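# Descriptive analysis of the structure
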Amino acid sequence: MQALLHSLWNNHSTLLQIFLFLGVIILIWVAELHNALVDAKEKWRHSRVNLLFITTALPIQLSLSALVILVSGWVTIHHWGLLYLLPGTTYGWLKYLIAFLLLDFCEYVYHVLMHKTPKFWNFHLIHHSDEEVDVSTTLREHPCETFIRVCFLMVWVFLSGASIGVLLLRQTIQTVANLTAHSNYKIPVKIERICQLLFITPRLHQVHHHFELPYTDCNYGDVFCIWDRLFGTYREMPEEDIKFGVDNYQNYSSSDFKALIQHPFLEKKNK
Ligand SMILES: [Zn+2]
Ligand SMILES: [Zn+2]
């Protein structure tokens, strides 16, 4: 019965998460268009290739998320994971906060691994290959990275003992945070500077999308920038110096969907 309830809740929440994602991305895309110098046709031309990544990400994300929910259900039933080493076994607000921070740290570790492991970087550089970062860049993820990312999440849930409630809360905040971080909507510098004491803001994530090292290997944070500040990977740079893209993808087309999907495998063959 519990498994059935979990499954129903999962189906319902997955739909809600998809609607939230679509609602926020459309809202930010329109706001960017209103705010930017490019016309709608030009912006759509850029976004179109990124939108195509939904077709590869969605089946992988949906099927593997069901497994993540199963793992979360298992750790909750068996009181397994780091969070259960804390005093008390119920999920109070403090435990929600600790679980949230723990998962955010796991995302930081995941992102560092995607950059520092050559095999993983081959897939992750597709996200970095966008030469005009805007909210649609959030979608630009090679399907193999989608697979690796959700598998990592499964491991983090198993190790941390995160409940389904924490996962849903995290997913909701992460959706809004990731889409906002990729947005090129200009918010007042003063407000952004206050936000970036704690959070990954668009300006900080744009530095991460600068085309060359050492800036590509900085500001790895997902929702919070505290891990970057703690582990020395926090960097700022003047907005006018930022050039999007990635130096080891400059000889390839960044707007050819088929080429982007094939690139990691062709790179392997060429080695
Ligand atoms: Zn990255
Ligand atoms: Zn990004």
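Residues numbered from 1 in each chain as written. Chains lettered and ligands numbered in written order. Predicted model: local features only at pLDDT ≥ 70, side-chain atom pairs only at ≥ 80, totals over all residues. Heavy atoms only, no water.

For the rest of this paragraph, the subject is the side chain of E145. Tracing the sequence through the fold places E145 in helix 5 (residues 143-160). Buried and without a salt bridge, E145 has R149 as its closest oppositely charged side chain, separated by 5.4 Å. Among the polar contacts made by the side chain of E145, one reaches the side chain of Y110 at a distance of 2.8 Å. Ignoring sequence-local partners within four residues, the contact set of E145 consists of Y110, M114, F123 and H124. (Helix = DSSP H or I, 4+ residues; strand = E, 2+ residues; numbered from the N terminus. Buried < 20%, exposed > 50% of the residue type's maximum accessible area, 1.4 Å probe, protein only. Lys, Arg positive; Asp, Glu negative; His and termini not counted. Salt bridge = Lys/Arg side-chain N within 4 Å of Asp/Glu carboxyl O. Polar contact = N/O pair within 3.5 Å; in protein donor to acceptor, adjacent residues only side chain to side chain. Contact = heavy atoms within 4.5 Å.)

Octahedral metals with six donors have ideal donor angles of 90 or 180 degrees. Tetrahedral metals with four donors have an ideal donor angle of 109.5 degrees. At this site the zinc ion (ligand 2) is bound by H127 (NE2), H182 (NE2), H205 (NE2) and H209 (NE2), with donor distances of 2.1 to 2.2 Å. Note that the zinc ion (ligand 2) binds four donor atoms; their angles at the metal cover 87 to 163 degrees, and the shape is irregular. Read in sequence order, the donor residues for the zinc ion (ligand 2) give the motif H-x54-H-x22-H-x3-H. Taken as an interatomic distance, the gap from the zinc ion (ligand 2) to the zinc ion (ligand 1) is 5.9 Å. (Donors = N, O, S within 2.8 Å, 3.2 Å for Na, K, Ca; no water. Tetrahedral: all angles 85-135°; square planar, octahedral: opposite > 155°, others 65-115°.)

A word on the packing of helix 3 (residues 93-116) against helix 5. The N-to-C vectors of helix 3 and helix 5 enclose an angle of 140 degrees; their axes lie 10 Å apart at closest approach. Taken as axis vectors, helix 3 and helix 5 run oblique relative to one another. Here helix 3 runs over helix 5; the crossing is right-handed. Here L102, L103, C106, E107, V109, Y110, L113 and M114 of helix 3 lie close against helix 5, whose contacting residues are E145, I148, R149, F152, L153, W156 and S160. Class assignment for the residues of the contact of helix 3 with helix 5 results in 11 nonpolar, one polar and three charged. (Axes fitted to C-alpha atoms, helices over the stretch in contact; angles between N-to-C directions. Parallel < 35°, antiparallel > 145°, perpendicular 65-115°, else oblique. Left-handed = near helix turned anticlockwise from the far one by under 90°. Nonpolar A, V, L, I, M, F, W, Y, C, P; charged D, E, K, R; others polar.)

Any functional reading would require information that these geometric values do not contain.
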